[in-house]
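Here is how the chains run, residue by residue.
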Amino acid sequence: RCGGRVFSGIQPTGVPHLGNYLGALEQWAELQREYRSVLFSIVDLHAITVPQDPAHLRDNILDLTASLLACGIDPAHAVLFRQSQVSEHAELSWILGCLTSMPRLRHLPQWKMKSKGKNEGSVGLFTYPVLQAADILLYRSTHVPVGEDQLQHLELAQDVARIFNKQYGDLFPIPKALLSSTRRVKSLRDPSSKMSKSDPHRLATVSLTDSPDDIVLKFRRAVTDFTSEAVASARGLQTAQYKLLVAEAVIHRTAPLRAELGRLRADRGHLERVLTRGAQRARELAAPLLQEVHKRVGF
Ligand code: ADP
Ligand code: NA
């Protein structure tokens, strides 16, 4: 297996969708077999950069844990944990934030998208990519699986690592992107935006818990530029027939996940225990690194 360390995170802002699965989670399950050291984090600190209902957030965290396990993440091969249970993330984020300029953050996609171009978001939303850099660097990660939507954020993490290394001496490897081969999956309602957990339009996102009937409905209502001339394998099909074919392919591909997810979601005690154990293992790696950072900074 490859040396080096893989880190990636996902926000507990809802049940994962087809984009998360094809663009990230499917690859995560493979990486844990290919790399010796792999960490996956449920990034709840990131989730509260936009308003969250506490009861919902708590449910979403356990639903996401169940989803990750259903997608094949195996606590025997990967450290699966919740970001807020490892306080070193927030501490390192503060230190890295002191090495990051405001203009460097202002042009990043998350901020431009969620602050609605008006610079109206929270400080947390603005510094979101700094926390992401801390997530990665805290474990001296060498490889980060990302969708193309996250590439600019990884570039910030690389910059921050270089700045720290230059100022305080080499400590952080410069993390490399493992770019998913899947192109971003688009919103079913607005092809100019990506499918996202936080999209309020119910029909825009195919979630991993959707029933087959739901999936058919969503594809039937999907915005499409389909023409049977443009898609070689669909010659002679009407748009409605083609949509049904796609829906059936998705239903087939996600069927095993749906079944496993249903089973896992029922045992909340088990999910809590997986996270508690994961956090212990993450802290064993994070605590000595943060101590070293403190020493270098002069604390
Ligand atoms: P979301 O935007 O849906 O809340 P996250 O920000 O939690 O998703 O991203 C989790 C992972 O899923 C990241 O690796 C991200 O690149 C990937 N991802 C998110 N949305 C899509 C999409 N529509 N298509 C492909 N990959 C995606
Ligand atoms: Na996102």
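Here, every reference points to the structure presented above.
Keep in mind it's a predicted model, so treat the numbers as computed, not measured.

Q: What's the story with the packing of helix α10 (residues 212–220) against helix α11 (residues 239–265) in this structure? I'm lost.
A: For any two helices packed against each other, the geometry comes down to the angle between their axes and how far apart the axes lie. Look at α10 against α11: their axes get within 9 Å of each other, and the N-to-C directions meet at 145°. Crossing of α10 over α11 shows right-handed handedness. Only Lys243, Leu244, Val246, Ala247, Val250 and Ile251 of α11 make contact with α10, whose side of the interface consists of Pro212, Ile215, Val216, Phe219 and Arg220. When the residues that make up the contact of α10 with α11 are grouped by side-chain class, the tally is 9 nonpolar, no polar and 2 charged.

Q: What's the story with the pairing of strand β5 (residues 176–179) in this structure? I'm lost.
A: Successive side chains on a regular strand alternate, one facing one side of the sheet and the next facing the other. Where strand β4 (residues 143–146) and β5 come together, 4 bridges link them in parallel fashion. When the bridges of β5 are listed, Val146 appears paired with Leu179. Taken together, β4, helix α9 (residues 151–168) and β5 constitute a β-α-β crossover, and its handedness is right-handed.

Q: Explanation requested: α10 in the structure shown.
A: Helical geometry note: an α-helix holds 3.6 residues per turn, so side chains three or four residues apart project in the same direction. What α10 keeps buried is the set Ile215, Lys218 and Phe219. Projection of α10 onto a plane perpendicular to its axis shows the buried side chains occupying an angular sector of 95°, all on one side. Contacts made by the buried residues of α10 are with α11.

Q: Before we go on, may I ask you to explain the pairing of strand β1 (residues 2–10) in this structure?
A: Summarising the sheet, β1 and strand β2 (residues 35–42) pair through 7 bridges and their orientation is parallel. If you follow Val6 over to β2, its bridge partner there is Val38. Remark: the β1/helix α1 (residues 18–34)/β2 crossover connection has right-handed handedness.

Q: I keep staring at the site of ligand 1 and nothing clicks. Help me out?
A: Neighbouring residues of ligand 1: 18 residues in total, closest Gly19, Gly23, Ala24, Gly147 and Lys194. Top contributing element to the shell around ligand 1 by residue count: α1, with 4 residues.

Q: What is the right way to look at unusual backbone geometry in this model?
A: Glycine aside, residues mostly have negative phi, and peptide bonds are mostly found in the trans state. Notably, Arg140 is not glycine yet its phi reads approximately 50°, a positive angle. In this fold, Arg140 is placed in the loop between α8 (128–137) and β4.

Q: Sorry if this is basic, but what is going on with the packing of helix α4 (residues 88–97) against α8 here?
A: Remark: α4 packs on α8, axes separated minimally by 8 Å, with the N-to-C direction vectors making an angle of 120°. One finds that α4 runs oblique with respect to α8. Between α4 and α8 lies a crossing whose hand is right-handed. From α4, His89, Leu92, Ser93, Leu96 and Gly97 reach across to α8, where they touch Val130, Leu131, Ala133, Ala134, Asp135 and Leu137. Looking at side-chain class alone, the contact of α4 with α8 contains 7 nonpolar, 3 polar and 1 charged residues.

Here is what the cut-offs are and how they apply
Residues numbered from 1 in each chain as written. Chains lettered and ligands numbered in written order. Predicted model: local features only at pLDDT ≥ 70, side-chain atom pairs only at ≥ 80, totals over all residues. Axes fitted to C-alpha atoms, helices over the stretch in contact; angles between N-to-C directions. Helix = DSSP H or I, 4+ residues; strand = E, 2+ residues; numbered from the N terminus. Left-handed = near helix turned anticlockwise from the far one by under 90°. Contact = placed C-beta atoms within 7 Å. Nonpolar A, V, L, I, M, F, W, Y, C, P; charged D, E, K, R; others polar. Pairing = 2+ DSSP bridges. Right-handed = clockwise from strand over helix to strand, strands pointing away. Buried ≥ 20, exposed ≤ 12 C-beta atoms within 10 Å, placed from the backbone. Arc of directions from axis to C-beta. Near = placed C-beta within 6 Å. Parallel < 35°, antiparallel > 145°, perpendicular 65-115°, else oblique.

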